[in-house]
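Letter by letter, the chains look like this.
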Amino acid sequence: MSVLQRFRAGLLGLGALLVLGVLAPAGDAAAGEPGLRLKVSVIQATKEKAAPDPALAKIQGELQEAFAGYQGFKRLQAEEKLLSSDTPVKLELPNGESAEFKHQGLEKNLHKIRFTLAKSKVNLDLKAPLKKMFYQAGMKHGGGILILAMYLAPVGEPPAPDKPTP
Amino acid sequence: MNDQDQEKLSLFLDGALAPEDAAEVARLVATDPEWKAAHRALKLSGEMMRAPVEQAARSANFDGLWAGIEGRLPAPERAPSLLERLRAFLTPPVLVGLAAAAAAAAYVATRPAPTPAPASPSPGLAATPRIAPAPESALAAAPADASEPVVIEGIESEGSKTVLVSQPVEPGGTTVIWLLDAPDAAGDGAAAPTTDDDPI
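Reference entry: report on the structure contained in this document. (Residues numbered from 1 in each chain as written. Chains lettered and ligands numbered in written order. Predicted model: local features only at pLDDT ≥ 70, side-chain atom pairs only at ≥ 80, totals over all residues. Heavy atoms only, no water.)

1. Describing the overall build of chain A
So, step 1. Counting its secondary structure elements, chain A contains two helices and eight strands.
So, step 2. Taken from N to C terminus, the helices and strands of chain A fall in the order α-β-α-β-β-β-β-β-β-β.
So, step 3. For chain A, the proportion of its 166 residues judged to be buried stands at 45%.
So, step 4. Put simply, of all contacts in chain A between residues at least 6 apart along the chain, 48% involve residues at least 24 apart. (Helix = DSSP H or I, 4+ residues; strand = E, 2+ residues; numbered from the N terminus. Buried < 20%, exposed > 50% of the residue type's maximum accessible area, 1.4 Å probe, protein only. Contact = heavy atoms within 4.5 Å.)

2. Things to note about the packing of helix H2 (residues 19–31) of chain B against helix H3 (residues 33–59) of chain B
All names here are of chain B.
So, step 1. The interhelical angle for the contact between H2 and H3, taken along N-to-C directions, is 105°, at an axis separation of 5 Å. When the axis of H2 is compared with that of H3, the two are roughly perpendicular. Seen from H2, the contacting residues are Val 25, Leu 28, Val 29 and Thr 31; seen from H3, they are Pro 33, Trp 35, Lys 36 and His 39.
So, step 2. When grouped by side-chain class, the residues that make up the contact of H2 with H3 number five nonpolar, two polar and one charged. (Axes fitted to C-alpha atoms, helices over the stretch in contact; angles between N-to-C directions. Parallel < 35°, antiparallel > 145°, perpendicular 65-115°, else oblique. Nonpolar A, V, L, I, M, F, W, Y, C, P; charged D, E, K, R; others polar.)

3. A look at the sheet that holds strand S3 (residues 89–92) of chain A
Working definition: the strands of a sheet are paired by backbone hydrogen bonds and lie parallel or antiparallel to each other.
So, step 1. Taken in spatial order, the five strands of this open sheet run S3(A)-S4(A)-S5(A)-S6(A)-S1(B), and their pairing is antiparallel. The open sheet has two edge strands, S3 of chain A together with strand S1 (151–157) of chain B, and neither has a second partner. Sheet twist, expressed as the average angle between the axes of neighbouring strands with direction ignored, equals 20°.
So, step 2. Sheet topology places strand S4 (residues 98–107) of chain A next to strand S5 (residues 110–117) of chain A; seven bridges connect them, and they run antiparallel. What sits directly across from His 103 of chain A, in S5 of chain A, is Ile 113 of chain A. (Pairing = 2+ DSSP bridges.)

4. Section: the pattern of salt bridges
So, step 1. Considering all chains together, one arrives at eight salt bridges over all chains under this definition.
So, step 2. Notably, a salt bridge pairs Glu 107 of chain A with Lys 112 of chain A, separated by 3.6 Å at the nearest N-O pair.
So, step 3. Given a relative accessible area of 23%, Lys 112 of chain A falls into the partly exposed group.
So, step 4. Between Glu 24 of chain B and Arg 27 of chain B there is a salt bridge; the shortest N-O distance is 2.7 Å. Taken together, the residues Glu 24 of chain B and Arg 27 of chain B, both in helix H2 and three residues apart, mark about one turn of the helix.
So, step 5. Given the relative accessible area of 33%, Glu 24 of chain B is considered partly exposed.
So, step 6. A relative accessible area of 43% places Arg 27 of chain B in the partly exposed class.
So, step 7. Within this structure, Glu 107, Lys 112 and Lys 127 of chain A together with Glu 153 of chain B form a network of salt bridges that share partners. (Salt bridge = Lys/Arg side-chain N within 4 Å of Asp/Glu carboxyl O.)

5. Focus: the packing of helix H1 (residues 3–14) of chain B against H3 of chain B
Residues and elements named next belong to chain B.
So, step 1. Contact pair H1 / H3: the axes reach a minimum separation of 10 Å and the direction vectors enclose 55°. In terms of their interaxial angle, H1 and H3 are classed as oblique. Between H1 and H3 lies a crossing of right-handed hand. For the pair H1 and H3, the contacting residues are Asp 5, Gln 6, Leu 9, Ser 10, Phe 12 and Leu 13 in the first and Trp 35, Ala 38, His 39, Leu 42 and Lys 43 in the second.
So, step 2. Partitioned by chemical class, the residues of the contact of H1 with H3 number six nonpolar, three polar and two charged. (Left-handed = near helix turned anticlockwise from the far one by under 90°.)

Structure representation (structure tokens):
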């Protein structure tokens, strides 16, 4: 094998590797394996005025605007889950309810999520964009209501093990 | 004169005889009429043969002789030009490889730098130290428009809960899915918003 032939073979091999490298991420996306993180903060809202929770400092204004009848907001729990289309992700809430989330695909940049509150026998099918906060509220808890602040984000690295944050 | 004598005479004219033999032949040519006649005839024939050759040699034109010889010689192997070498090298498989390399280079050059997850509107969650910034991925490659509202496609409530959805009036507003208890016997709607704090 001449030098030129070896060089040509080497170049072909390099090109093949580069093609695989370039196409692999697109292939994963096309295969519907996007990897999606769901971040949930469980917040207790009360009508009594309370000191702002530092953990909620950056969304305090949004909370006060969206839940105008409530003046106290305290984060009870912060969770981060990796959503899957195979198995629903379950989240135990402080009021004994459990919330389940299941990724059901992507449609025009909106992620289809099946959201279930099992004990309340409520199922919702929703579509949400990445990096947009949305809320579920109204379940009674501790003299106030529970607010689930939810947020979808792309996968960076696998989330740490669940650790309830008071 | 025999044949040997003729040969000897020819050698004599060519100056190829030994001195003793040449002296003997010279004596015979001078003294013997037959040898003298043969010598004269042979000398004339030699001159007749040389004259046309010399004349042809004088009239011959040697200009361009070497060029003609070179022209009839087989052409030596010529080193291929750069273009010819490129043509030989850039075969379709190599072109595919080069195109792939170019595509990869373009992808690497134009790939946007990884961006961390925004500090807002998820500050409460971002405050959790275990949450790492999300790098660009296949998901993020499709730009998510965070101003798009959350769409509720379907609601199923088989219990006593009432589901209300508060959608934002303005782009970028907040979507709230309210889950309201049915009023109990005391008429306490519990978490249900009052007239003042009706979310919708």
